[in-house]
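Observations on the model geometry
So you can see what is in the structure, the chains are spelled out below.
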Amino acid sequence: MQRNQKLMKQTHTGQGPGLDKNEESSLVDSATTDILPEAMTIHSKNGNEISATSDQNQRAEEVEDSHVHRTSKDYYFDSYSHHGIHEEMLKDEVRTKTYQMAILNNSHLFRDKVVLDVGCGTGILSMFAVQAGASIVYGVDCSSIIHQARQIVEKNGFKEKIILIQGKMEEITLPVRQVDIIISEWMGYFLLYESMLDTVLFARDKYLVKGGIIFPDKAIMYVCGMEDAQMKNDRIHFWENVYGFDMSVIKDIALSEPIVDVVDCNTIMTNTVPILKLDLLTCTKEHLSFSSDFVLVSNRNDYVHGIVAYFECAFTQVHKPMGWSTSPFSKYTHWKQTIFYLRETIVICQGERVRGKITCCPNKKNPRDLDISLQILFDGNHSKLDCSQDYRLR
């Protein structure tokens, strides 16, 4: 799931209920061909003044105390209470229609099965599952959007087959011992931001029957090099001279925060390499903290201003594997891409190599944030670079 937000030839055959063939084929991007064959073998005061009476002070202290004791999870779940977040996700057709096709085109897997929807939100995936023939669906969500989800479920005639439970997956108990299928839209920016995958793995270990199915079951994250002088000037070097004032102290902060935005595919000037492969059927929480070496090869004479990360997800336990990509070369998704600007610009010639290492782990104080570090080593004809940069995705 997510708080915020170029198309190559696409391939997919077969028509899902309610979708015409052209609509289907526009969703599953050819970029997912990287993950689909490989996936077979791999792996979230008012402004009036008040008098400071003792009662008011006490109440103020109680309010402040309640916020002090709130956890990052509490604020995370609160953020998903607003309908606007769900509107953005539902309007992401790559996301929503790919789930719809994966579920409805595989009704033979859902027929008479018990399904768990982790982080059900408005209940859209739960309703798809019932349409595909599930006997019962348990949807779990901690945010207050579940109250609207109950009304949506009832309004659409699924009240008898969808049971919605408000609470944290780790704290609630389902009325059944096992489920046949787990469906979830857990992905965040940079795939792992907001750490909802931890919850899916918990649900898998506690409830999924042996040989059960997870939708989707595979994910791969990639990096590539980017030339982006204009945007780097606008976002980073801008702080060096702001109406004649030196505000470069903020430049360091800006450099330490990855930017989530749409990347023009024409700015990508290296190959793309995988840095993380996840098989949701077997991976553990420990796999979500990772370190990966990579080598990027320039395909033209250019400059490297930053490293771009994106991900792909796939449904490979279905009759015909399918998935989606958040690549700069693919159709827009609300996940966009994640940009890590480098402090120094690399002048690179075609065929030269940038060697790097990326390390990622949850922030210790707020595990829904990510601490990410990049080590870059380059020895080219026109420039050399040996550096390490730390970032925090928050």
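Each value, and the rule that gives it
- Residues numbered from 1 in each chain as written.
- Predicted model: local features only at pLDDT ≥ 70, side-chain atom pairs only at ≥ 80, totals over all residues.
- Heavy atoms only, no water.
- Pairing = 2+ DSSP bridges.
- Helix = DSSP H or I, 4+ residues; strand = E, 2+ residues; numbered from the N terminus.
- Axes fitted to C-alpha atoms, helices over the stretch in contact; angles between N-to-C directions.
- Buried < 20%, exposed > 50% of the residue type's maximum accessible area, 1.4 Å probe, protein only.
- Polar contact = N/O pair within 3.5 Å; in protein donor to acceptor, adjacent residues only side chain to side chain.
- Salt bridge = Lys/Arg side-chain N within 4 Å of Asp/Glu carboxyl O.
- Patch = residues over 30% accessible without salt bridge, like charges linked within 9 Å, V, L, I, M, F, W, Y side chains within 5 Å.
- Areas by Shrake-Rupley, 256 points an atom, 1.4 Å probe, with all protein chains shown as cover.
- pLDDT = per-residue confidence, 0-100.
- Contact = heavy atoms within 4.5 Å.
- Phe/Tyr/Trp six-rings, centres within 6.5 Å; stacked < 30°, edge-to-face > 60°.

Glancing now at the sheet that holds strand S5 (residues 208-215). As summarised here, the arrangement of the five strands in space is S3-S2-S1-S4-S5, forming an open sheet in which the pairing is parallel. Two strands close off the open sheet at either side, each with one partner strand: strand S3 (162-166) and S5. Adjacent strand axes in the sheet meet at a mean angle of 20 degrees when their direction is disregarded. The pairing of strand S2 (residues 136-141) with S3 spans five bridges and is classified as parallel. By the bridge assignment for S3, Gly139 is matched with Leu164.

Assignment of secondary structure puts Thr98 in helix H6 (residues 93-104). The exposure class assigned to Thr98 is buried, which follows from its relative accessible area of 0%. A polar contact of 2.4 Å, which involves the side chain of Thr98, links it to the backbone oxygen of Val94.

Right, let's get into the sheet that holds strand S9 (residues 290-297). If you trace the four strands from one edge of the open sheet to the other, you get S9-S13-S14-S15, paired in antiparallel fashion. Strands at the two margins of the open sheet, each flanked by one partner only, are S9 and strand S15 (384-393). Each strand of the sheet is rotated relative to its neighbour by a mean of 15 degrees, with strand direction disregarded. With nine bridges connecting them, strand S13 (residues 353-362) and strand S14 (residues 370-379) associate as antiparallel partners. Each bridged residue has a counterpart across the sheet, and for Cys360 the counterpart in S14 is Ile372.

Time to look at the pattern of salt bridges. Any two side chains of opposite charge can pair, so long as their charged atoms come close to each other. Within this structure, the stated rule accounts for 15 salt bridges. The salt bridge partner of Glu154 is Lys159, with a shortest N-O separation of 3.9 Å. By relative accessible area, Glu154 is classed as partly exposed at 48%. Through salt bridges with shared partners, a single ionic network connects Asp217, Lys218 and Asp279.

Residues other than glycine predominantly adopt negative phi, and peptide bonds predominantly adopt the trans conformation. Cis peptide bonds are those with omega within 30 degrees of zero, and the linkage from Phe215 to Pro216 qualifies with -10 degrees. By secondary structure assignment, the location of Pro216 is in the loop between S5 and strand S6 (218-226). Even without being glycine, Asp112 reaches a positive phi, approximately 60 degrees. As for its placement among the helices and strands, Asp112 is situated in the loop between helix H7 (107-110) and strand S1 (114-118). Unusually for a residue other than glycine, Lys336 sits at a positive phi of about 50 degrees. Following the sequence through the fold, Lys336 ends up in the loop between strand S11 (322-325) and strand S12 (337-348). Residue Lys336 is classed as buried on the basis of its relative accessible area, which comes to 13%.

Turning to a nonpolar patch on the surface, a few remarks are in order. On the surface, Tyr243, Phe245, Met247, Val249, Ile250 and Ile253 cluster together to form a nonpolar patch covering roughly 670 Å² of accessible area. A residue is classified by how much of its surface remains accessible, and Tyr243, at 80% relative accessible area, is exposed.

Another point: the confidence of the model for the protein chain. In this model, the protein chain carries an average pLDDT of 85, and 79% of its residues clear a pLDDT of 70 or more. Every residue in residues 1-33 scores below 50 in pLDDT, and together they form 112 contacts with partners more than four places removed in sequence or on other chains.

Here we take up the pairing of strand S10 (residues 302-315). The element S10 is largely enclosed, with a buried count of 13 among its 14 residues. Pairing of S10 with S12, which is carried by seven bridges, proceeds in the antiparallel orientation. Across the sheet, residue Ala309 finds its bridge partner in S12, namely Thr338. The sheet contact formed by S10 and S11 spans four bridges and is antiparallel. Paired with Glu312 across the strands is Ser325, a residue of S11. Counted between consecutive antiparallel strands, the loop separating S10 from S11 contains six residues.

Side chains of residues three or four places apart in an α-helix project in the same direction, reflecting 3.6 residues per turn. For helix H10 (residues 197-207), every residue scored as buried is listed here: Leu197, Thr199, Val200, Leu201, Ala203, Arg204 and Tyr207. Those residues of H10 that are buried lie in contact with S1, strand S4 (179-184), S5 and strand S8 (273-279).

The subject of this paragraph is the environment of Tyr391. Within the secondary structure, Tyr391 sits in strand S15. Note on Tyr391: relative accessible area 4%, which makes it buried. For the pair Tyr391 and Phe340, spaced 51 residues apart in the sequence, the C-alpha separation amounts to 7.9 Å. Setting aside its immediate chain neighbours within four residues, Tyr391 contacts Leu255, Ser256, Glu257, Pro258, Phe340, Tyr341, Leu342, Leu370, Asp371, Ile372 and Leu374. Polar side-chain contacts of Tyr391 include one of 3.1 Å to the side chain of Gln389.

Here we take up the packing of aromatic side chains. Using the criterion set out here, one finds 12 aromatic pairs in the structure. Ring geometry for Phe110 and Phe215: centres 5.2 Å apart, planes at 75 degrees, overall edge-to-face. Placement of Phe110 in helix H7 and of Phe215 in strand S5 is noted, with a sequence separation of 105 residues between them. With relative accessibility at 0%, the residue Phe110 sits in the buried group.

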